[in-house]
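Observations on chain architecture
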Amino acid sequence: MKTILVGIKRAVDYNVRVRVKSDGTGVETDGVKMSINPFDEIALEEALRLKEAGRTEEVVVISVGPSEAQQQLRTGLAMGADRAILIESDDAPQPLTLARAFLKLVEKENAGLVLLGKQSIDSDNNQTGQMLAALWGRPQATSASGIEVDGDTARVTREVDAGLEVVDIDLPGVITADLRLNTPRYVKLPDIMKAKKKPLETMSLADLGVEAGGDIVSSAFAPPEERSKGVIVEDVAGLVGALKEKGLL
Amino acid sequence: MAKILIIAEHDGSTLNPSAAKSVACAADISDAEIDVLVLAADGESVASQAAEIAGVSRVLVANNAANEPALAVVHAPQVVAAASGYSHVFGPSTTWGKDLMPRVAALLSVNQISDIMAVLGSHEFRRPIYAGNAIVTVTAPAESVVVATVRTASYKSAGGGNSAAVESLELDVELPTHTRFVELQSGSSDRPDLQTAARVVSGGRALGSAEDFEIIYKLADKLGAGVGASRAAVDAGYVPNEMQVGQTGKIIAPELYVAIGISGAIQHLTGIKDAGTIVAINKDSEAPIFEVADIGLVADLFDAVPELEAKL
Ligand SMILES: Cc1cc2nc3c(=O)[nH]c(=O)nc-3n(C[C@H](O)[C@H](O)[C@H](O)COP(=O)(O)OP(=O)(O)OC[C@H]3O[C@@H](n4cnc5c(N)ncnc54)[C@H](O)[C@@H]3O)c2cc1C
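Residues numbered from 1 in each chain as written. Chains lettered and ligands numbered in written order. Predicted model: local features only at pLDDT ≥ 70, side-chain atom pairs only at ≥ 80, totals over all residues. Heavy atoms only, no water.

**With respect to the sheet that holds strand S14 (residues 256–260) of chain B**
As summarised here, the arrangement of the 6 strands in space is S13(A)-S16(B)-S15(B)-S14(B)-S12(B)-S13(B), forming an open sheet in which the pairing is parallel. If you trace the sheet from one side to the other, it starts and ends with strand S13 (231–233) of chain A together with strand S13 (226–229) of chain B, each paired once. For this sheet the average axis-to-axis angle between neighbouring strands, irrespective of direction, equals 20°. Along the sheet, helix H5 (residues 214–223) of chain B contacts strand S12 (199–203), S13 and S14 of chain B; its crossing angle with S12(B), the most-contacted strand, is approximately 170°. (Pairing = 2+ DSSP bridges. Helix = DSSP H or I, 4+ residues; strand = E, 2+ residues; numbered from the N terminus. Axes fitted to C-alpha atoms, helices over the stretch in contact; angles between N-to-C directions. Contact = heavy atoms within 4.5 Å.)

**Notes on the site of the ligand**
By nearness alone, 30 residues border the ligand, and B:Arg205, B:Ser230, B:Val245, B:Ser263 and B:Asn282 come closest of all. Near the ligand, the surrounding residues belong to chains A and B. Here a nitrogen atom of the ligand and a side-chain polar atom of B:Thr248 are 2.8 Å apart. The backbone of B:Leu301 places a nitrogen or oxygen atom 2.8 Å from a nitrogen atom of the ligand. Surface burial for the ligand is 85%, taken as the share of its 990 Å² of free accessible area covered by protein chains. Going through the elements one at a time, helix H1 (38–52) of chain A together with helix H6 (231–235), helix H7 (266–269) and helix H9 (301–311) of chain B are the ones with two or more residues in the shell around the ligand. Here the residues of the shell around the ligand are counted per class, giving 13 nonpolar, 12 polar and 5 charged. (Near = heavy atom within 4 Å. Polar contact = N/O pair within 3.5 Å; in protein donor to acceptor, adjacent residues only side chain to side chain. Areas by Shrake-Rupley, 256 points an atom, 1.4 Å probe, with all protein chains shown as cover. Nonpolar A, V, L, I, M, F, W, Y, C, P; charged D, E, K, R; others polar.)

**Brief notes about the domain arrangement of chain B**
All names here are of chain B. The domain boundaries assigned to chain B delineate domain 1 (2–168) and domain 2 (199–311). Domain 1 puts 6 residues into the contact, and the matching count from domain 2 is 8 residues. Broken down residue by residue, the surface that domain 1 buries against domain 2 is led by Ala131, Arg151 and Ala153, which jointly contribute 69%. Where domain 1 packs against domain 2, one counts 1 salt bridge. In this structure, the salt-bridge partner of Arg151 is Asp274, at a minimum N-O distance of 2.7 Å. If you look at where domain 1 meets domain 2, you find 2 residue pairs in polar contact (both at pLDDT 80 or more). Among the residues making up the side of domain 1 that touches domain 2, the classes are represented as 3 nonpolar, 2 polar and 1 charged. (Domains from an automatic or database assignment. Buried area = accessible area lost by both parts, 1.4 Å probe. Salt bridge = Lys/Arg side-chain N within 4 Å of Asp/Glu carboxyl O.)

**Quick word on the sheet that holds strand S11 (residues 200–204) of chain A**
One open sheet accounts for 10 strands, arranged S11(A)-S5(A)-S4(A)-S1(A)-S6(A)-S10(A)-S7(A)-S8(A)-S9(A)-S11(B); its pairing is mixed. Across the chains shown, the open sheet's two edge strands, defined by having one partner strand only, are S11 of chain A together with strand S11 (179–185) of chain B. Strand-to-strand twist across the sheet, computed as the mean angle between neighbouring axes with direction ignored, equals 30°. With 3 bridges joining them, strand S1 (residues 3–7) of chain A and strand S6 (residues 113–117) of chain A adopt parallel strand pairing. Across the sheet, residue A:Leu5 finds its bridge partner in S6(A), namely A:Val114.

**Some details on the packing of aromatic side chains**
Residues and elements named next belong to chain B. Here the structure, examined in full by the defined rule, presents 2 aromatic pairs over all chains. A centroid spacing of 5.6 Å and a plane angle of 65° characterise the contact between Phe213 and Tyr217, whose relative ring orientation is edge-to-face. A cation over a ring is seen here: Lys3 above Tyr86, with NZ or CZ 4.8 Å from the ring centre. (Phe/Tyr/Trp six-rings, centres within 6.5 Å; stacked < 30°, edge-to-face > 60°. Lys NZ or Arg CZ within 6 Å of the ring centre and 35° of its normal.)

**Here we look at helix H6 (residues 236–245) of chain A**
Within H6(A), the full set of buried residues consists of A:Val236, A:Leu239, A:Val240, A:Ala242 and A:Leu243. Each buried residue of H6(A) sits inside an arc of 160° when the element is viewed along its axis, so together they form one side. Away from the buried face of H6(A) by more than 90 degrees, exposed residues A:Lys244 and A:Glu245 are located. Elements in contact with the buried residues of H6(A): S13 of chain A together with S14, strand S15 (277–282), strand S16 (295–298) and H9 of chain B. In the stretch just after H6(A), A:Gly247 is the one whose phi turns positive, near 75°. (Buried < 20%, exposed > 50% of the residue type's maximum accessible area, 1.4 Å probe, protein only. Arc of directions from axis to C-beta.)

Okay, structure coming up:
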């Protein structure tokens, strides 16, 4: 195929302990480390491996987000993507809007495959890939832990509640990455320098003719309920005693 | 009045327990009429199980050989056709529901609410974000259909004893052939199902190997418990993926959860925070798992676990 599109979201780094703002208007993001959403990084790694195996001519990283998302796209270019497209948007667009925007890029770029993370670790929605596939009228293979592309089809292993499900999909289509699909490569310094020269195009949702709307409104944010403090027992006998006390043995 | 359609997960013969939990969530919406949709090859038996769930008005069965094995791309257009006239369409937040429901939502041109953990009103819900580090109140647009998944760990199953009407449904929609099921690789186990077990024992990276993970199974069998694992234990190949508990694995709510050799990373904790009692065995007294454990034992698991098993 000619092009694989990979969606990349700028998200709070997974090591950050996220805190809700005291006034309940959101979570604290000031001065917090931002990274590529880990599932998206895995999606990108898979696309790069497919390119190295001669399955695609190019890999294009795409993102919808604030202008700072250029940093994450540059990281994607440093990992090995050929080009980047940023659709600038101040507020966090919702999955349906993302899917509509991605579909426009799919058509524009004539993509043979779109690889996305199965969910982002901030909004935890797990929707965008399925929505893109629906609007596109094409196959979806979500939560992938294995992908083999063979001409116009892909055999995808999916992590499901019952185990591993294997499906064949006709391309073009959408695949979303799960954690065990691969381990992303480390970016080396010379690659970061090289990435600065790679093309990064910016546009707006309006340029693509996409209107946001029908959004789900988030209002009050609250920290989760704390569990009450437990006890530390001395030994196994103490553990058995504590379990009996709770009526669990 | 709210007209709610619940899409039922099943394996062809048995209704998934998530259906009764989705009904329990739907029943929290005031003045709700709740129907269940069964998409199957031959759904009579599954439909009669669904008809027993308290609070269900009607069970609609759409039979089609293409419905099994279940593929989201095949189910989605049928759900859309069946959803006409409903104000809400709910599925479970299982891997099946997560695959299907966003596809349905997009075909209905609405955003989806993922992982409902509480109902505040017909269009207002609470859901977890940031791996459960924050709980947000969300409101869906008043005029459009609400498509959502239900975080099953937040709900107790609706009761039984009902005998709702079962009706068959003809759905005249074109089904795609671009996606084909090949196989399901599934470790068969006689142990209680992780997602519904009253007790769960999980092992982490500290177990060190598939062979040594045996002591977890032994303890679980003594307790009549299901067995889970941390991501690290799955990644290392000690156990298969379907045993992973956490943000990207299973979200569970057993009465008793025993975490052995698991550090307690936030992504793991989000999967167990609805557990009744959490027990942690870890040799590091500073491990974050002790911050959430109701009963903690600081010990080497290779000493403590066999000793515990022997004492039961
Ligand atoms: C996007 C994302 C999603 C993730 N999703 C999940 C998920 O769904 N589920 C999940 O579990 N993780 C998930 N993780 C991974 C998570 O961050 C942790 O890396 C993982 O949970 C660690 O597993 P562990 O506790 O077994 O291993 P470790 O963190 O290595 O902990 C091992 C523990 O064993 C203890 N120990 C060692 N030897 C002994 C001994 N002999 N006796 C007693 N104790 C001992 C140590 O003190 C330590 O606390 C995710 C990560 C990311 C980035």
